[in-house]
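Residue-level structure breakdown
The residues making up each chain are set out below.
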Amino acid sequence: MAKKKQPIKETTIENYYDLKVDKVDELVAALKDETPATDSNDLTMFISDCTGVDDPKNYTRSGKKKEFDPYKTDFLGKIPVWVKAIFIKWWFAGLTCYFVMFGIASFMNGDPLDAIVLTGIVLGLVVEVFVNPVFRFMETSDREYNPYMMFPFPFKAYWTFFTNILYYLVVMLVVYFGFYFGLNELINLIKGTESVIAVGVEPLLFGTFCVIADMIFIGVKDLIVHLVKKSAKEKAANV
């Protein structure tokens with residue numbers, strides 16, 4: 001009968017996690033002997049010294065070397081979040097108006113309701129595919145762009161694809177019948193005219209109206225969420 005092989009001592013369960021203190025001390029001593037002392041005067045932050053390339057771009061106009069600052073804030077980083085968020089939403093809304101209402105919808109039968117529905121669908125797709133991913137790309141761990149999204153969920157939450165389309169259909173109805181129709185009716189009331197379209201649809205004002213309506217809905221949603229969370233905390237504290 002073959003003799004049973006004994007396990008190696010170091011691999012047994014009682015010795016497997018034993019810390020070899022003497023080996024650690026030997027390693028630390030060896031590293032101290034082999035690692036040269038670092039002089040702070042040897043460190044450099046000049047671009048030409050870091051890259052090893054004496055490029056004219058590494059010098060200022062006065063002839064001084066440019067320094068490398070890994071923590072320097074770029075131009076976009078200095079712009080407030082709300083300015084960037086509002087501008088991006090406004091620009092994409094105006095772009096949708098230009099290509100859809102002035103482009104595709106102009107070849108339809110002229111029914112404004114069809115143009116409203118088509119623009120709302122396209123705007124929902126644009127927000128889902130372009131605007132929200134841009135916000136996710138620019139945001140930090142603080143999620144500072146969440147207050148500017150109706151559905152601040154990750155891009156992989158595919159159900160937001162349909163909810164954004166339905167939501168921006170509602171936004172388009174508010175923009176058309178609330179802002180444009182209401183503004184024209186107010187102008188007609190002041191001037192004493194009837195059924196005169198004084199303010200037509202164009203990308204700049206359309207984008208402004210879309211952003212206003214969008215932020216009103218988002219503000220109402222955020223207020224409801226805040227009140228629900230506050231109520232839940234109060235109930236939990238009273239239990």
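Going by the structure above, here's the rest.
Residues numbered from 1 in each chain as written. Predicted model: local features only at pLDDT ≥ 70, side-chain atom pairs only at ≥ 80, totals over all residues. Heavy atoms only, no water.

This part takes up the pattern of salt bridges. Close approach of charged atoms allows side chains with opposite charge to pair. Applying the stated criterion across every chain, the model contains four salt bridges. Residue Lys89 is joined to Asp214 by a salt bridge in which the shortest nitrogen-to-oxygen separation is 2.5 Å. Within this pair, whereas Lys89 is found in helix α4 (residues 81-104), its partner Asp214 is found in helix α7 (residues 203-238), the two being separated by 125 residues in sequence. Like Asp214, Lys89 is buried. Put simply, Arg136 and Glu139 hold a salt bridge, and the shortest N to O gap is 3.1 Å. Glu139 sits in the buried class, given a relative accessible area of 11%. Each of Arg136, Glu139 and Arg143 takes part in a single network of salt bridges with overlapping partners. (Salt bridge = Lys/Arg side-chain N within 4 Å of Asp/Glu carboxyl O. Helix = DSSP H or I, 4+ residues; strand = E, 2+ residues; numbered from the N terminus. Buried < 20%, exposed > 50% of the residue type's maximum accessible area, 1.4 Å probe, protein only.)

With that out of the way, let us pick up unusual backbone geometry. Despite not being glycine, Arg143 shows a phi value in the positive range, around 55°. By the element assignment, Arg143 lies in the loop between α5 (112-138) and α6 (160-191). Overall, the relative accessible area of 44% leaves Arg143 in the partly exposed class.

Given 3.6 residues to a turn, an α-helix orients residues that are three or four positions apart in the same direction. When the terminal C-alpha atoms of α4 are compared, their 33 Å separation across 24 residues agrees well with the 34 Å that a helix rising 1.5 Å per residue should span. Turning to α4, its buried residues are Lys84, Ala85, Ile88, Lys89, Phe92, Ala93, Gly94, Thr96, Cys97, Val100, Met101 and Gly103. (Expected span 1.5 Å × (residues − 1).)

In this structure, the largest pocket encloses a volume near 250 Å³. Taken together, Tyr176, Tyr180, Phe181, Asn184, Glu185, Asn188, Ser195, Val196, Ile197, Val199, Gly200 and Val201 make up the full set of residues lining the largest pocket. A volume near 210 Å³ is recorded for the second largest pocket. Of the residues belonging to the lining of the second largest pocket, the class tally is three nonpolar, two polar and five charged. (1 Å grid on protein atoms, 1.4 Å probe; cavity = no way out; pocket = protein on both sides within 12 Å on 5 of 7 lines; lining within 4 Å. Points joined across faces, edges and corners; volume = space filled by probe spheres on them. Nonpolar A, V, L, I, M, F, W, Y, C, P; charged D, E, K, R; others polar.)

With that settled, consider the packing of aromatic side chains. Here the structure, examined in full by the defined rule, presents 14 aromatic pairs. Ring geometry for Phe87 against Trp90: centres 6.0 Å apart, planes inclined by 40°, an arrangement best described as tilted. Pair noted here: Phe87 and Trp90 are both in helix α4, with a separation of three residues, about one helical turn. Note on Phe87: relative accessible area 47%, which makes it partly exposed. Classification of Trp90 as partly exposed rests on a relative accessible area of 26%. Centroid distance Trp91 to Phe92: 5.1 Å. Interplanar angle 90°. Geometry classified as edge-to-face. Through a chain of ring-to-ring contacts, the aromatic side chains of Phe151, Trp159, Tyr167, Tyr168 and Phe217 assemble into a single cluster. (Phe/Tyr/Trp six-rings, centres within 6.5 Å; stacked < 30°, edge-to-face > 60°.)

None of this, on its own, says anything about what the molecule does.
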